[in-house]
Amino acid sequence: MHLLKTIGLACALAVSTAYASAETLTGTATYLERMLLPPEAVLVVALEDVSRADAPSVIIAETRSDNLGAPPFAFTLEYDPTKIDDRMSYNIRAQVFDDERLLFTTTTHNPVLTRGAGKQIDVIMQRIDSPAMTPESPKRPMTGAHGLSLPATFLGKLPAASGGGVDWHLDLWADQSFHLRRSYEAAASDPIDQIGRWFADPSRNALILQAGSGEQIGFELRGNGNLRLLDQQGQPIESELNYDLTAANAMTPTDVSLSMRGLFSYFADTALFSECSTGRSYPVMMEADYLALEKAYLTVDREPGALVMAVLDGTLTLREGMEGPPRMSLIVNRFDKLNPGETCDRGIATAELVNTYWRIDRIGDADITDMDGRREPHIVLRDGGQPSYSATVGCNQINGAFKLDGNRISFMPGAMTMMACPPPLDEVEHSLNLALSEVAEWRIDGQALELLDATGKPLIALQAVYLP
């Protein structure tokens, strides 16, 4: 992967079918998650005939774009007007793929052209759960600023207060979602399954699981890539017993079965469930109690493909998809109810200057990305005792002190490891050191941090990551 690329060199490539007397649709496609796409990601936008509810949609025209950058993604789609019938219904479907993996897709009806709809439209895509990474997969795990290579499975047999042991199976994804199964040896009950979001706390060098049930479980981030359980107060456990979870050689996602709450949609023979606590969207298998869910959904007064809150007991498990490798899918074990009008109110933590992992996105006018097998470029400012910072672009660890006075800030050099960095890391590390020496001000806008020189010129652009 390229570490350094100059802003302005990246340009969108759009390929669409040409027609002798083509007409044009325009619009944008976006998503709400705070994440960047892989460099190879491709946006596919299709114009579909969805007039027949009992038949698959028919693609009228399609366009593809790469070098996407950050959303929203603008698109232009040419189509043959002779294929459009004013009596029929047409829809825009937008999807983002990384190779064969479907990452994002529209899940609602997005009408265009007929029945009062026009030729311009803005659509929102939902994230689709990615397949587990296997040793055969060409995609590498990502090593975050926290030091873990994700996605990954962590396993261990930990002590139980009631005696015996507890088999832990923890799956962590880089998008900050997790699945956890705990099986108690001394109990005849079923395993306890939980899903939710995780965040990293650099002030304690800890990773925290925030389950949808409200339970928090903390782990110390060990330097060897393993996790050590913290007590209920978030403090280290002083014991000779084993409280470590060890990273498995390959990710092997566990099935989890539990009560869930999420937004359900059904459109053009496609059923999706966007689970509230993780924010992930899962294909819904049309088995078990699925028909009860679909029947209730079809009786709700709504727009075609609209998202409706569903409460159910379900199992998340790897299943073969219509295309591409297996991915996590939902089996509805028991449908409970629909709550139209409800939404998943997922708040985003406010980014603070200190004790936050700040991913380095740009130094000067150069975009920065991580390199294979190396830690994500980042800066952490800590306020415990003497204010200090640590930073890296994926090679040496840069340490030092900083002074803060309102929006004024200055970085002082300190100890630094002295590994020889391969090109272009050596050049990027030099540019980071130089930029830090010139920083005079800071400015936060939401989840974005800018470090500026004394004249107000931006030197380093950063993004808050691994927040609650």
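Quick look at the structure, then. Note that the structure is predicted; figures quoted are calculated from it, not measured.

**Let's talk about the overall build of the chain**
When its secondary structure is counted, the chain shows two helices and 34 strands. Taking all 468 residues of the chain together, the buried fraction comes to 48%. Taking all contacts inside the chain whose residues are at least 6 apart in sequence as the whole, residues at least 24 apart take part in 58%. Total accessible area on the chain stands at roughly 22,400 Å², and carbon and sulfur atoms take up 51% of it.

**Quick look at the sheet that holds strand 20 (residues 244-247)**
Overall, antiparallel pairing links the eight strands, which are arranged 13-14-15-16-17-18-19-20 in a closed barrel. Each adjacent strand pair in this sheet contributes to an overall mean axis angle of 30°, direction not counted. Bridge count for strand 16 (residues 192-201) against strand 17 (residues 206-211) is six bridges, and the pairing is antiparallel. Looking at strand 17, one finds that Arg197 is bridged to Gln210.

**Examining the sheet that holds strand 21 (residues 256-267)**
With antiparallel pairing, five strands are arranged side by side in an open sheet as 23-22-21-24-25. On the outer flanks of this sheet lie strand 23 (281-283) and strand 25 (327-339), each paired with one strand and no other. Recorded for the sheet is a direction-independent mean angle of 45° between the axes of neighbouring strands. In this structure, strand 21 lies alongside strand 24 (residues 308-319), joined through nine bridges in antiparallel fashion. Note that in strand 24 the partner of Leu263 across the bridge is Met309.

**What to know about the pattern of salt bridges**
Within this structure, the stated rule accounts for 18 salt bridges. Here Lys157 ties to Asp167 by a salt bridge, and the two come within 2.7 Å at their closest N and O atoms. Residue Lys157 is located in strand 13 (residues 152-159), and its partner Asp167 is located in strand 14 (residues 165-172); the two are separated by ten residues in the primary sequence. In this structure Lys157 comes out as partly exposed when scored by relative accessible area, which is 41%. Looking at Asp167, the relative accessible area reads 32%, which means it is partly exposed.

**Description of the pairing of strand 33 (residues 448-452)**
Summarising the sheet, strand 32 (residues 441-445) and strand 33 pair through five bridges and their orientation is antiparallel. Within strand 33, the residue paired with Arg443 across the bridge is Glu450. Hairpin connection between strand 32 and strand 33: a loop of two residues separates the two successive antiparallel strands, and Gly446 in this loop has a positive phi of roughly 70°. For strand 33 and strand 34 (residues 458-465), the ladder comprises five bridges, and the chain directions are antiparallel.

**Examining the state of the cysteines**
Per the counting criterion, the structure on display carries two disulfides. Each sulfur in the disulfide pair Cys276 and Cys344 lies 1.8 Å from the other. Judged by the sign of its S-S torsion, about -65°, the bond between Cys276 and Cys344 is left-handed. Within this pair, whereas Cys276 is found in the loop between strand 22 (270-275) and strand 23, its partner Cys344 is found in the loop between strand 25 and strand 26 (357-363), the two being separated by 68 residues in sequence. Judged on exposure class, the residue Cys276 and its partner Cys344 are both buried. The disulfide bridge from Cys395 ends at Cys421, spanning 2.1 Å between sulfur atoms. Negative torsions about the S-S bond denote left-handed disulfides, and the value of about -100° found for Cys395 with Cys421 makes this one left-handed. With Cys395 in the loop between strand 29 (388-392) and strand 30 (398-405) and Cys421 in the loop between strand 31 (408-416) and helix 2 (425-438), the pair connects residues that are 26 residues apart, well separated along the chain. Relative accessible area serves as the criterion here: at 11%, Cys395 is assigned to the buried category.

**Focus on the packing of aromatic side chains**
Describing an aromatic ring pair means giving the distance of the ring centres and the angle of the ring planes. Scanning the entire structure with this criterion turns up nine aromatic pairs. Between Tyr31 and Phe104, the ring centres sit 4.1 Å apart and the planes meet at 15°, which makes this aromatic pair stacked. A residue pair is termed long-range when its members are at least 10 positions apart, and Tyr31 in strand 3 (residues 23-31) and Phe104 in strand 8 (residues 101-105) qualify at 73 residues. Its relative accessible area of 4% is what places Tyr31 among the buried residues.

**Here we look at the nonpolar core**
Ranked by internal contacts, the top residues of the largest apolar core, which has 32 residues, are Ile360, Ile379, Leu381, Phe411, Leu432, Ile460 and Leu462. Among the secondary structure elements, those contributing two or more residues to this core are strand 26, strand 28 (378-382), strand 29, strand 30, strand 31, helix 2, strand 33 and strand 34. Of the residues forming this core, the biggest block, five residues, is contributed by helix 2. Dropping the residues within four chain positions of it, Ile360 is found in contact with Ile368, Pro377, His378, Ile379, Thr392, Leu432, Ile460, Ala461 and Leu462. Counting 30 residues, the second-largest nonpolar core is a separate cluster that includes Leu170, Leu172, Leu245 and Val465.

**Some points on the pairing of strand 34**
Here is the key point about a regular strand: its side chains alternate between the two faces of the sheet. In terms of residue burial, strand 34 counts as a mostly covered element, since six of its eight residues are buried. Bridge count between strand 26 and strand 34: six bridges; the pairing is antiparallel. Considered in strand 34, the bridge of Trp358 is made with Ala464. Between the antiparallel neighbours strand 33 and strand 34 lie five residues, among them Gly456 with a positive phi of about 90°.

Each value, and the rule that gives it
Residues numbered from 1 in each chain as written. Predicted model: local features only at pLDDT ≥ 70, side-chain atom pairs only at ≥ 80, totals over all residues. Heavy atoms only, no water. Helix = DSSP H or I, 4+ residues; strand = E, 2+ residues; numbered from the N terminus. Buried < 20%, exposed > 50% of the residue type's maximum accessible area, 1.4 Å probe, protein only. Contact = heavy atoms within 4.5 Å. Areas by Shrake-Rupley, 256 points an atom, 1.4 Å probe, with all protein chains shown as cover. Pairing = 2+ DSSP bridges. Axes fitted to C-alpha atoms, helices over the stretch in contact; angles between N-to-C directions. Salt bridge = Lys/Arg side-chain N within 4 Å of Asp/Glu carboxyl O. Disulfide = S-S within 2.5 Å. Phe/Tyr/Trp six-rings, centres within 6.5 Å; stacked < 30°, edge-to-face > 60°. Core = buried A, V, L, I, M, F, W, Y, C linked by side-chain atoms within 4.5 Å.

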